[in-house]
Amino acid sequence: MKGKFKNIWIKAILQVLIVIFLHFITIYFLKMKTGNWDEEIVKQMFIMYLAPIILMYMSCMMALKTEKLRYNIAWLVISILPSMRILFYLKEELKGREPEGSGFIEFSDVASEQLVLNFLFPVSYLGIQLILIFIMLIMILSKEKPVAD
């Protein structure tokens with residue numbers, strides 16, 4: 001049992017690191033400027049990204065503990081696709097072009113890219129992970145069979 005938990009723990013960390021790496025690659029290819037990386041900015045980014053990463057790890061552990069591939073695939077898809085769409089949308093807003101859908105935020109200055117990466121993206125990703133955890137709980141609890149007395 002202990003070895004099984006350690007195996008799930010390692011898998012969860014690796015999957016979370018893969019998702020984080022994919023986000024970094026996307027930010028790099030979109031050429032989103034992060035501004036100067038002074039000590040205060042790094043502290044802010046650490047604080048803002050800590051909660052979404054912890055929630056992402058928790059939801060991954062939930063998916064892996066079920067030992068069903070569909071839960072793990074659902075976790076992976078929901079952890080990657082909506083956030084990638086948000087990054088592409090925010091990049092389009094920052095370019096000044098009209099996005100495909102109606103926008104909810106208007107960006108006007110160059111410093112707003114730092115605002116996007118330091119505040120808007122982590123907050124939106126936090127919401128995605130909270131919804132994912134809620135959905136995973138519903139899926140897991142609805143599949144549990146009651147114990148007969």
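It should be noted that the structure appears before, not after, this text.
Since we're looking at a predicted model, the values are computed, not measured.

**Student:** When you look at the overall build of the protein chain in this model, what are you seeing that I'm missing?
**Tutor:** Looking only at helices and strands, one finds 4 helices and 0 strands in the protein chain. Across the protein chain, helices and strands are ordered from the amino to the carboxyl terminus as α-α-α-α. Residues classed as buried in the protein chain amount to 38% of the 149 residues present. A fraction of 80% describes how many contacts in the protein chain between residues 6 or more apart in sequence connect residues 24 or more apart. Of the roughly 10100 Å² of accessible surface on the protein chain, a fraction of 70% belongs to carbon and sulfur atoms.

**Student:** Looking at this model, I keep getting lost on the side chain of serine 83. Mind explaining?
**Tutor:** Counting through the fold element by element, serine 83 comes out in helix α3 (residues 69-95). Overall, the relative accessible area of 0% leaves serine 83 in the buried class. What serine 83 contacts, discounting residues up to four positions off in sequence, is His23, Phe121, Tyr125 and Ile128.

**Student:** Looking at this structure, how should I read the packing of helix α2 (residues 39-65) against α3?
**Tutor:** Packed helix pairs are specified by the crossing angle of their axes together with the interaxial distance, meaning the distance between the axes. Packing of α2 against α3 brings their axes to within 8 Å, and their N-to-C directions diverge by 155 degrees. The pairing of α2 with α3 is recorded here as roughly antiparallel in orientation. The interaxial crossing formed by α2 with α3 has right-handed handedness. In this structure, α2 contributes Met56, Ser59, Cys60, Ala63 and Leu64 to the contact, and α3 contributes Tyr71, Asn72, Trp75 and Ser79.

**Student:** Quick question: what am I supposed to make of the side chain of threonine 26 here?
**Tutor:** Note that threonine 26 resides in helix α1 (residues 2-29). Judged by relative accessible area, threonine 26 falls into the buried class, the value being 11%.

**Student:** What is the right way to look at the packing of aromatic side chains in this model?
**Tutor:** Centre distance and the angle of the planes are the two values used to describe a pair of aromatic rings. Per the stated rule, a full pass over the model turns up 3 aromatic pairs. Where tyrosine 28 meets phenylalanine 29, the ring centres are 5.5 Å apart and the plane angle is 65 degrees; that geometry is what we call edge-to-face. By relative accessible area, tyrosine 28 is classed as exposed at 62%. Both rings, one in tyrosine 49 and one in phenylalanine 121, keep their centres 6.4 Å apart while their planes meet at 45 degrees; by these two values the pair is tilted. Taken together, the residues tyrosine 49 in helix α2 and phenylalanine 121 in helix α4 (residues 112-143) connect sequence positions 72 residues apart. With a relative accessible area of 4%, phenylalanine 121 lands in the buried category. Each residue in the set Tyr49, Phe121 and Tyr125 is aromatic and connected to the rest through ring pairs, giving one cluster.

**Student:** Explain the environment of glutamine 44 to me, please; I cannot follow it from the model alone.
**Tutor:** Turning to its location among the elements, glutamine 44 is positioned in helix α2. You can call glutamine 44 partly exposed: its relative accessible area is 37%. Between the C-alpha atom of glutamine 44 and that of asparagine 118, which follows or precedes it by 74 residues, the distance is 7.1 Å.

**Student:** Sorry if this is basic, but what is going on with a nonpolar patch on the surface here?
**Tutor:** On the surface, Trp9, Ile10, Ile13, Leu14 and Leu17 cluster together into a nonpolar patch covering about 440 Å² of accessible area. Within the fold, isoleucine 10 resides in helix α1.

Criteria and cut-off values
Residues numbered from 1 in each chain as written. Predicted model: local features only at pLDDT ≥ 70, side-chain atom pairs only at ≥ 80, totals over all residues. Heavy atoms only, no water. Helix = DSSP H or I, 4+ residues; strand = E, 2+ residues; numbered from the N terminus. Buried < 20%, exposed > 50% of the residue type's maximum accessible area, 1.4 Å probe, protein only. Contact = heavy atoms within 4.5 Å. Areas by Shrake-Rupley, 256 points an atom, 1.4 Å probe, with all protein chains shown as cover. Axes fitted to C-alpha atoms, helices over the stretch in contact; angles between N-to-C directions. Parallel < 35°, antiparallel > 145°, perpendicular 65-115°, else oblique. Left-handed = near helix turned anticlockwise from the far one by under 90°. Phe/Tyr/Trp six-rings, centres within 6.5 Å; stacked < 30°, edge-to-face > 60°. Patch = residues over 30% accessible without salt bridge, like charges linked within 9 Å, V, L, I, M, F, W, Y side chains within 5 Å. Salt bridge = Lys/Arg side-chain N within 4 Å of Asp/Glu carboxyl O.

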